[in-house]
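Structural characterization, general
One letter stands for each residue in the lines below.
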Amino acid sequence: MRAPRPSVPAPLRHSAFRKLWSATTLAALGDSISSVALPLAAIEVLGANAVQSAVLSAVIWLPSLFLAIPAGSFADRTGYHRRLLAGANLLRVAALSSVPIATALGVLSLTQLAVILAVIGLCSVLSNVSESGLFATTLPSELYVAGQAASYTGQTAAILAGPSIGGLLVQLAGVPAAVGVDAATAVTAALFLLRLRPVERRHEPGSPDSRDRRPGLAFIRRNPLIRTALAVTATGNFFNMLFLSVLVWYYVHKLSLTSAQIGFVFSVQAIGGLVGAALASRLARRIGLGRMLLVGCVLSHAPLLVIPAVGATGSLVLALVLASTLLGGIGESVQDISVGSVFALVVPPHLRSQTRGAYQTVSFGLRPLGSVAGALIAATAGIPVALWVGAIGGTLSCLWLLPSRLLSFRGQDDLSEQPESATALSQ
């Protein structure tokens, strides 16, 4: 039999993973376009101030706080991971389609943007809990780290292109054009998912897990590795959203960056993500997943201290912002891949969506609180102070790791009980 070309990453040689990878990469491309287009619509088209921008950034995370646990439970109980993921993409199309219509009629408002962001947040909840359940059905367990790296590489490559595309589209053709491209990527992603035929495990009635109303939360409480990972990511998410809630407004009004420059800054962050994803497997082998998480946590937040330290405008300031954003992107990808790999190795397959839902409720649920905190600090002490608090607090989130067993966790060989392997692969 003819051997696969060595240039193709091992996970992408699996047809099921390739389809899932294509869908999530396209969805990430659309997300990254709207992540620039919608805040710019609020600030530049509707005149939102810093506090309103921060509140809008909080809205998208509210569904994580209230719906992630029931969504994960429903996904595992029914086995409808693929259908939920495809349906989330189509629901996103419906929400985004209202933007060009409202713009054409001259009735686009901050209230409508808030509703759209809430729907997008719901779609993200459904996507995250469903993808966790699907991932394990597409690869054998020995390829989980490589699969996480490949997923992150694809999504980061999309994020690399997305903000620049979004910024340029807003600048040259307006918000409706940027949102229309996002909707097109969501439709295409749904088509890839409809071609996927996973062997999905349903929750068996009468099993111990089915009698526990919240087995995902129970598993997190019992498992010290996942519990520590949650403490690190939840703390980091709170302070990261505190930082991000006022960042675009700071770029526009304090550093005088254009829409295209802001898009380029986010694209440079994605370049850092690609570098981090390329280093992930090597780092995991050399220092283990726990220490890899420590490196990623520090690197994803500490370089951002540069941004509030600059208050002028010009090419030197832009260069400093780009350098700090590049390093932060490297750290973010290293952190996310390490957490995703620990999750895939430690959590039993039949609990992955429910545990992901519980994990997201806490981790993402703190994001709107971080945005509100950013708005309050910006209103009372000023935007630079909010940026300082966010960057410093995020850097200190690594302290959860120091007394934990997770810091010395290297990977599958350290597990006392191996998780059930994904022997039944999708077609």
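Provided above is the structure to which this section pertains.
Quantities reported herein were computed from a predicted structural model and do not represent experimental measurements.

Quick notes on the rules
- Residues numbered from 1 in each chain as written.
- Predicted model: local features only at pLDDT ≥ 70, side-chain atom pairs only at ≥ 80, totals over all residues.
- Heavy atoms only, no water.
- Helix = DSSP H or I, 4+ residues; strand = E, 2+ residues; numbered from the N terminus.
- Buried < 20%, exposed > 50% of the residue type's maximum accessible area, 1.4 Å probe, protein only.
- Contact = heavy atoms within 4.5 Å.
- Areas by Shrake-Rupley, 256 points an atom, 1.4 Å probe, with all protein chains shown as cover.
- Axes fitted to C-alpha atoms, helices over the stretch in contact; angles between N-to-C directions.
- Parallel < 35°, antiparallel > 145°, perpendicular 65-115°, else oblique.
- Nonpolar A, V, L, I, M, F, W, Y, C, P; charged D, E, K, R; others polar.
- Core = buried A, V, L, I, M, F, W, Y, C linked by side-chain atoms within 4.5 Å.
- Left-handed = near helix turned anticlockwise from the far one by under 90°.
- Patch = residues over 30% accessible without salt bridge, like charges linked within 9 Å, V, L, I, M, F, W, Y side chains within 5 Å.
- Salt bridge = Lys/Arg side-chain N within 4 Å of Asp/Glu carboxyl O.
- Disulfide = S-S within 2.5 Å.
- Expected span 1.5 Å × (residues − 1).
- Polar contact = N/O pair within 3.5 Å; in protein donor to acceptor, adjacent residues only side chain to side chain.

Within the protein, the secondary structure is distributed over 17 helices and 0 strands. Across the 427 residues that make up the protein, the buried fraction comes to 56%. By sequence separation, contacts in the protein at least 24 residues apart represent 87% of the contacts at least 6 residues apart. Accessible area for the protein stands at about 17600 Å²; split by element, carbon and sulfur atoms hold 65% of it.

With that settled, the discussion passes to the packing of helix H3 (residues 62-78) against helix H15 (residues 352-363). The description of two helices packed together rests on the angle between their axes and the distance between the axes. One can describe the packing of H3 onto H15 by two numbers: an axis separation of 7 Å at closest approach and a directional angle of 175°. By the angle between their directions, the pair H3 and H15 is classed as roughly antiparallel. When H3 is examined against H15, the residues Ser64, Leu65, Ala68, Ile69, Gly72, Ser73, Ala75 and Asp76 are found in contact with a partner set consisting of Arg352, Ser353, Gln354, Gly357, Ala358, Gln360 and Thr361. The residue inventory of the contact of H3 with H15, partitioned by class, reads 5 nonpolar, 8 polar and 2 charged.

Note on soluble globular proteins: their nonpolar side chains tend to be buried together. One finds Tyr251 and Leu255 to be the most contacted residues of the largest nonpolar core, which totals 56 residues. Sort the elements by how many residues they give to this core and helix H1 (residues 15-45) lands first, with 10 residues. Counting 34 residues, the second largest nonpolar core, distinct from the first, contains Ala229, Leu289, Leu293 and Val339.

So, about the packing of helix H10 (residues 224-244) against helix H17 (residues 383-396). Here H10 crosses H17 at 155°, and the two axes come no closer than 8 Å. By the angle between their directions, the pair H10 and H17 is classed as roughly antiparallel. The element H10 and its partner H17 pack so that their crossing is left-handed. In this structure, H10 contributes Phe239, Leu242 and Phe243 to the contact, and H17 contributes Ala386, Leu387, Val389, Gly390, Ala391, Gly393 and Gly394. Here the contact of H10 with H17 is built from residues that sort into 7 nonpolar, 3 polar and no charged.

A cluster of nonpolar side chains, contributed by Trp388, Ile392, Leu396, Leu399 and Leu402, occupies part of the molecular surface with about 470 Å² of accessible area. Note on placement: tryptophan 388 falls in helix H17. Owing to a relative accessible area of 34%, tryptophan 388 belongs among the partly exposed residues under this scheme.

Okay, the state of the cysteines next. Tallying each qualifying case throughout the model produces 0 disulfides. Here cysteine 297 is not disulfide-linked; the sulfur of cysteine 398 is the nearest cysteine sulfur, at 5.0 Å.

Every α-helix winds through 3.6 residues per turn, so residues three or four apart in the chain are directed the same way. In this model H10 runs 30 Å from its N-terminal to its C-terminal C-alpha over 21 residues, within 8% of the 30 Å that 1.5 Å per residue would give. The N-cap residue of H10 is asparagine 223: its side-chain oxygen and the backbone nitrogen of leucine 225 are 3.0 Å apart.

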